[in-house]
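In case you want the letters, here they are:
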Number of protein chains: 2
Amino acid sequence: MSPKLDHVAIVVRNLEEAIPYYIHELGMALVYEEEQAVAGVRAAYIDAGNALLQLLQPVRPGPIQEFLDEHGEGLHHICLAVTDIPETLNQLTNEAGTPVSIGGWGRRTCFLRHVPEGVRIELTEVELAR
Amino acid sequence: MSPKLDHVAIVVRNLEEAIPYYIHELGMALVYEEEQAVAGVRAAYIDAGNALLQLLQPVRPGPIQEFLDEHGEGLHHICLAVTDIPETLNQLTNEAGTPVSIGGWGRRTCFLRHVPEGVRIELTEVELAR
């Protein structure tokens, strides 16, 4: 198991207001936008060179809206890219993960149930299903 | 300006308790540990493949201890590696940054004063002063 950091997720109230700073000030590129119906969010992916930043705006009630209500905007989770999610879960101790679904960018995804030191960890698969 | 993600920082109560999950479960490598006197922390750097995770344990009163007291453990900031911090600050609008100091791993560092959507952003320089 040799994961790599796929993205760092950031919860924002408004994507259109959040994106320009990363593009026009920090010089990063907006590479993809989508609505993720299951998660109740709109997502924007920004290329930070070697990894992505994923901006998430809640558009319906759900975990991201709850996070926003409770904590305000800010860093939400990290996502590790692995070759195979079920195989990765098998290698972890007492870790079934949340049910695997098609998540951001059409890739298989799940969250680990273990949240080490408050850090939510998502797994996604390296191969894009696009 | 084409920054890359250098590390994602995570505040923890106890480094020794936090490190093993990343090493033994997630299969990452512990690459460096140090005490950062100015910041009042002990830091451990974990190689997440294409970027680092920086675990920070406060050892003295300061911003990291305050974060821990207020928010508990969790994601704290992202750090972007740039070629030259003063040059980068000059390219940003109304951004003086915090005073540049020698930070983690002996590299020059500062934090941006602008905290977009609650995301603390540190700058560090690519060239290590080791």
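The text that follows walks through the structure, step by step, so that each part is easy to find.

Cut-off values and rules
- Residues numbered from 1 in each chain as written.
- Chains lettered and ligands numbered in written order.
- Predicted model: local features only at pLDDT ≥ 70, side-chain atom pairs only at ≥ 80, totals over all residues.
- Heavy atoms only, no water.
- Phe/Tyr/Trp six-rings, centres within 6.5 Å; stacked < 30°, edge-to-face > 60°.
- Buried < 20%, exposed > 50% of the residue type's maximum accessible area, 1.4 Å probe, protein only.
- Pairing = 2+ DSSP bridges.
- Helix = DSSP H or I, 4+ residues; strand = E, 2+ residues; numbered from the N terminus.
- Contact = heavy atoms within 4.5 Å.
- Least-squares fit on C-alpha atoms with pLDDT ≥ 70 in both.
- Polar contact = N/O pair within 3.5 Å; in protein donor to acceptor, adjacent residues only side chain to side chain.
- Salt bridge = Lys/Arg side-chain N within 4 Å of Asp/Glu carboxyl O.

Further remarks concern the packing of aromatic side chains. Residue and element names in this part refer to chain A. Applying the stated criterion to the full structure yields 8 aromatic pairs over all chains. Relative to Y22, the ring of Y21 has its centre 6.0 Å away and its plane inclined at 85°; by these criteria the two rings are edge-to-face. Considered together, Y21 and Y22 belong to a single accessibility category, that of buried residues. Taken together, Y32, Y45 and W105 form an aromatic cluster joined through their ring pairs.

Glancing now at the sheet that holds strand β1 (residues 4-11) of chain A. Strand pairing in a sheet is mediated by backbone hydrogen bonds. Such pairs are either parallel or antiparallel. Residue and element names in this part refer to chain A. Overall, mixed pairing links the 8 strands, which are arranged β2-β3-β4-β1-β5-β8-β7-β6 in an open sheet. Single-partner strands in this sheet number two, and they are β2 (29-36) and β6 (101-102). When strand β5 (residues 74-82) meets strand β8 (residues 120-125), the two strands line up parallel, connected through 6 bridges. What sits directly across from C79, in β8, is E122.

Our next topic: the environment of G103 of chain A. Residues and elements named next belong to chain A. By the element assignment, G103 lies in the loop between β6 and β7 (108-111). Along the sequence, G103 and H76 sit 27 residues apart, while their C-alpha atoms lie 16 Å from each other. Ignoring anything within four residues of it in the chain, the contact list for G103 reads E34 and T109.

Once that is clear, we can look at the relation of the copies chain B and chain A. Aligned on chain A, chain B shows an RMSD of 0.0 Å; the corresponding rotation is 180° and the shift along the axis is 0.0 Å. Taken together, these values place the two copies in the relation of a two-fold axis. A shared interface surface links the copies, since 100% of the contact residues of chain B are contact residues in chain A too.

Further remarks concern the environment of R108 of chain A. All names here are of chain A. Within the secondary structure layout, R108 lies in strand β7. For R108, a relative accessible area of 33% translates into the label partly exposed. Once residues lying within four places of it in the same chain are set aside, the contact partners of R108 are D84, I85, P86, V100, S101, I102, L123, T124 and E125. In terms of polar contacts, R108 uses its side chain to reach the side chain of E125, at 2.8 Å.

Let us look at the sheet that holds strand β1 (residues 4-11) of chain B. Residue and element names in this part refer to chain B. Within the open sheet, the 8 strands sit side by side as β2-β3-β4-β1-β5-β8-β7-β6. Their pairing is mixed. The two strands at the open ends of the sheet, each matched to only one other strand, are β2 (29-36) and β6 (101-102). Sheet analysis places β1 next to strand β4 (residues 52-58), joined by 5 bridges and oriented parallel. Across the sheet, V11 pairs through a bridge with L56, a residue of β4.

This part takes up the pattern of salt bridges. Summed over all chains, the structure comprises 10 salt bridges over all chains. Between R107 of chain B and D6 of chain B there is a salt bridge whose closest N-O contact spans 2.7 Å. Of this pair, R107 of chain B sits in the loop between β6 and β7 (108-111) while D6 of chain B sits in strand β1; the two residues are 101 residues apart in sequence, bridging distant segments of the chain. Taking the shortest distance from any N to any O, the salt bridge between R108 of chain B and E125 of chain B comes out at 2.8 Å. Here R108 of chain B is found in strand β7, whereas its partner E125 of chain B is found in strand β8 (residues 120-125), with 17 residues between them in sequence. Overlapping salt bridges, with partners in common, bring together E16, E33 and R42 of chain A in one network.

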